[in-house]
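As a plain string of letters, each chain reads:
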Amino acid sequence: MKLGKKKMLLVSFMLFSLFFGAGNLIFPPFLGQNAGEKMPLAVLGFLITAVALPVLGVIVVARFDGLDKLSQKVGARFSMIFTILIYLSIGPGLGIPRAASVPFEMAVAPYLPKEASVTICMVGFSFVFFILAGWLAMKPNKLVERIGKFLTPTLLLLLVFVFINYVFRGEVNIAAAQEAYAGNPLAKGFLEGYQTMDTIAALNFGLVVATTITSLGIESKKSVMSYTVRAGIFAGTILSLVYLMLSYMGMGSSGVFPIQENGAWTLRCIVEQLFGGPGAVLLAAIFTLACLTTCVGLITSISQYFSTLTKKISYTQWVFLISGFSFLVCNQGLNTILGISIPILNAIYPISIMLIVLGICERWMKNNPYIYPGTITAVGCISVIYVLDDLKVPLGFLSDWCHALPLYSMGLGWVAVAIAAVALTSVLYIVKKR
């Protein structure tokens, strides 16, 4: 059996919408505004960690039939701990609450009457949001129809509508790059891609896409992989185009508006300039649709995974638990959630990247039992040290030694460590084999 073009398009739309949530909407315009004239280089780096690696992640996880099986290459204990940590960080502990709080704080709260209680309104908004997200997640086999057929096309039409209006009616004034982007915009853009959380999410969504394709009647493993690759490339292309549109609008506004607190405010300024007061309704629709689709995908995939860990709690019960816990975390506020996200992402993102890279190169080193545990351990250690160092935790000689690594001060010290670990474990394998 073959997938028709229509179903293939719907699967690709579904994957795009699973990726495109809060961070994907607010970070590109913020990058464009801060990078100014250096935006092309910055967005190139951004596309590596926000598009290329996530697409590769989906393909690798689909090939291994799940994140848990891929991470077992490092070790059984690591697999359990890392998989749960990934699901919690992109799920109820961080990703889902962030996706729910962004549309309220950036597209609803600023337009509330002065006498209205923001806290009470936030509780009401998030309650309805999670009721709807939980309902959509109750039937995972309906994801393609509900998200791919209706929600995603609507979201894309709204984004294109804003962009076209900006091209023809927007005020454009490109400023010089801010200090953070002036020196090395490519590396800075690469690190900003972390904030989308998509490389981590890809470790989750790979199995969702493969399972969806299988549910459409495709049984052959080779065919499932072929369609997964096509869906990944198509979804990645759409993501890239949307990021380029958002980054361009941010760059064009870099000399028009003061640098904003975050990308949501940048986008809000642009929409208000184009449409005035009614733009608030448009912005609320864009934010809500983008964040709702991602929340549904995350709740679905995480509930599916945790329901396999114990038979005492069903998939439906996990949907209720994850939605309820996310509702509580969401009401702590967007700034609190964003403040927690950076150190967590800096710690686990490099590990996720290396798992994907090693998974891609599996055919050339599948007989080497040292390369996965050796490389991931080394990268994990240097990532944790960097986070602690960045939080001003005294580390003594460890900090001094790490600062000698290339690009360490930019958060990329793990790259040199990963290369060294791969080389050393390869030499060890050759020596042992002989």
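Let me begin by describing the structure that accompanies this report. All figures in this text were calculated on a predicted structure; none of them were measured in a lab. (Residues numbered from 1 in each chain as written. Predicted model: local features only at pLDDT ≥ 70, side-chain atom pairs only at ≥ 80, totals over all residues. Heavy atoms only, no water.)

**Concerning the nonpolar core**
Stage number 1. In terms of nonpolar packing, the biggest core is built from 144 residues, with Phe 16, Phe 20, Leu 25, Val 242, Phe 287 and Trp 414 touching the most fellow members.
Stage number 2. In this structure, Trp 414 is in contact with Phe 190, Tyr 194, Pro 350, Ile 353, Met 354, Val 379, Ile 382 and Ser 383, ignoring residues within four places of it in sequence. (Core = buried A, V, L, I, M, F, W, Y, C linked by side-chain atoms within 4.5 Å. Buried < 20%, exposed > 50% of the residue type's maximum accessible area, 1.4 Å probe, protein only. Contact = heavy atoms within 4.5 Å.)

**A short note on the pattern of salt bridges**
Stage number 1. Overall, the coordinates contain three salt bridges when judged by the stated rule.
Stage number 2. Notably, a salt bridge pairs Lys 188 with Glu 192, separated by 3.4 Å at the nearest N-O pair. In this pair, Lys 188 and Glu 192 are both assigned in helix H10 (residues 185–192), four residues apart and thus about one turn of the helix distant.
Stage number 3. Residue classification places Glu 192 among the buried residues on the basis of a relative accessible area of 15%.
Stage number 4. Two residues, Arg 268 and Glu 272, come together in a salt bridge whose shortest N-O distance is 3.5 Å. With a gap of four residues between them, Arg 268 and Glu 272 both fall in helix H13 (residues 263–275), about one helical turn apart. (Salt bridge = Lys/Arg side-chain N within 4 Å of Asp/Glu carboxyl O. Helix = DSSP H or I, 4+ residues; strand = E, 2+ residues; numbered from the N terminus.)

**Let's talk about the packing of aromatic side chains**
Stage number 1. A full pass over the atoms with the stated rule returns 15 aromatic pairs.
Stage number 2. For the pair Phe 78 and Phe 82, a centre-to-centre distance of 5.0 Å together with 10° between the ring planes defines the contact as stacked. Of the two residues, Phe 78 and Phe 82 both sit in helix H5 (residues 76–90), four residues apart, roughly one turn of that helix.
Stage number 3. Residue classification places Phe 82 among the buried residues on the basis of a relative accessible area of 4%.
Stage number 4. Chaining the aromatic ring pairs together yields one cluster made of Phe 16, Phe 20, Phe 46 and Tyr 243.
Stage number 5. Between the NZ or CZ atom of Lys 188 and the centre of the ring of Tyr 181, over which it lies, the distance is 5.9 Å. (Phe/Tyr/Trp six-rings, centres within 6.5 Å; stacked < 30°, edge-to-face > 60°. Lys NZ or Arg CZ within 6 Å of the ring centre and 35° of its normal.)

This is a description of form; function is not addressed.
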